[in-house]
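# Notes for the structure review
Given next are the chains, with one letter for each unit.
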Amino acid sequence: GCVRQSVSEVYIFGKIADWYRHCRLNPKLSEWTIEAIQELAPQSGAHESALTEEKSRLLDRLSAVYEMREARELTPEEFTERKYHYKAQLTALAATEDRRNTDIEGRLIEAQTRLTEAPTAYTRFTTTQDVAQKRYLTSLLAESYVLTLGKLEIVPHPVFDLIRTLEPSRSGPEQIGQ
């Protein structure tokens, strides 16, 4: 059998609590970040413009197909084939836009949840005995936890990693990271 002693849950939770102690997020910074994310989310810029241009192009071509039918330049079969071709492309474009909007909305909700929970995470983590609650908090604040030879490596969630680049004070509750 293995001679090494396994790492206890208490040890792991202690290491995570110590990390959280250094990663507390000031509620004002959290609110400010949520507001900034909300302001930036609708600004989809070039991608939105490209979708609009493509939709406009497809609608123009569909309109031209109808005009060609009226001018008897297309047989009924050609008209039907071209009409369905452009309608299928418009449907696919709408589906792409819907998926993109859903993805953006999902990421916004995820970031808001993480940032809303972060200011109280340390206190809640260290005062609760509920293992499920501790696991929930750990899943919110870090992307991964890797335990190798008794050393726990914590990789912050990208939302918090970005906030660390804001250069907060070297001490105090708004500090993010180790």
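Everything in this summary refers to the structure shown in the same document. (Residues numbered from 1 in each chain as written. Predicted model: local features only at pLDDT ≥ 70, side-chain atom pairs only at ≥ 80, totals over all residues. Heavy atoms only, no water.)

### A closer look at the overall build of the chain
Counting secondary structure elements, the chain contains six helices and two strands. Listing each helix as α and each strand as β along the chain from the N terminus yields α-α-α-α-α-β-β-α. Within the chain, contacts between residues at least 6 apart in sequence are counted, and of these 63% link residues at least 24 apart. Summed over all atoms, the accessible surface of the chain reaches about 12,000 Å², with 53% contributed by carbon and sulfur. (Helix = DSSP H or I, 4+ residues; strand = E, 2+ residues; numbered from the N terminus. Contact = heavy atoms within 4.5 Å. Areas by Shrake-Rupley, 256 points an atom, 1.4 Å probe, with all protein chains shown as cover.)

### Here's the deal with the nonpolar core
By size, the foremost hydrophobic cluster in this structure holds 22 residues, and its most contacted members are Ile 16, Leu 25, Leu 115, Phe 125, Leu 141, Phe 160 and Ile 163. Within the residue set of this core, elements represented by two or more residues are helix 1 (9-21), helix 2 (27-40), helix 4 (76-127), helix 5 (131-141), strand 2 (151-156) and helix 6 (158-164). The contacts of Leu 141, once residues within four sequence positions are left out, are Trp 19, Tyr 20, Arg 114, Ala 118, Ala 121, Pro 156, His 157 and Phe 160. The next biggest cluster of nonpolar side chains, apart from the first, holds nine residues, and it includes Val 65, Leu 74, Tyr 86 and Leu 90. (Core = buried A, V, L, I, M, F, W, Y, C linked by side-chain atoms within 4.5 Å. Buried < 20%, exposed > 50% of the residue type's maximum accessible area, 1.4 Å probe, protein only.)

### Quick look at the pairing of strand 1 (residues 142-148)
One ladder, built from six bridges, connects strand 1 with strand 2; its direction is antiparallel. Across the sheet, Leu 147 pairs through a bridge with Leu 152, a residue of strand 2. Connecting strand 1 to the antiparallel partner strand 2 that follows it, the hairpin turn spans two residues, and Leu 149 within it adopts a positive phi of roughly 50°. (Pairing = 2+ DSSP bridges.)

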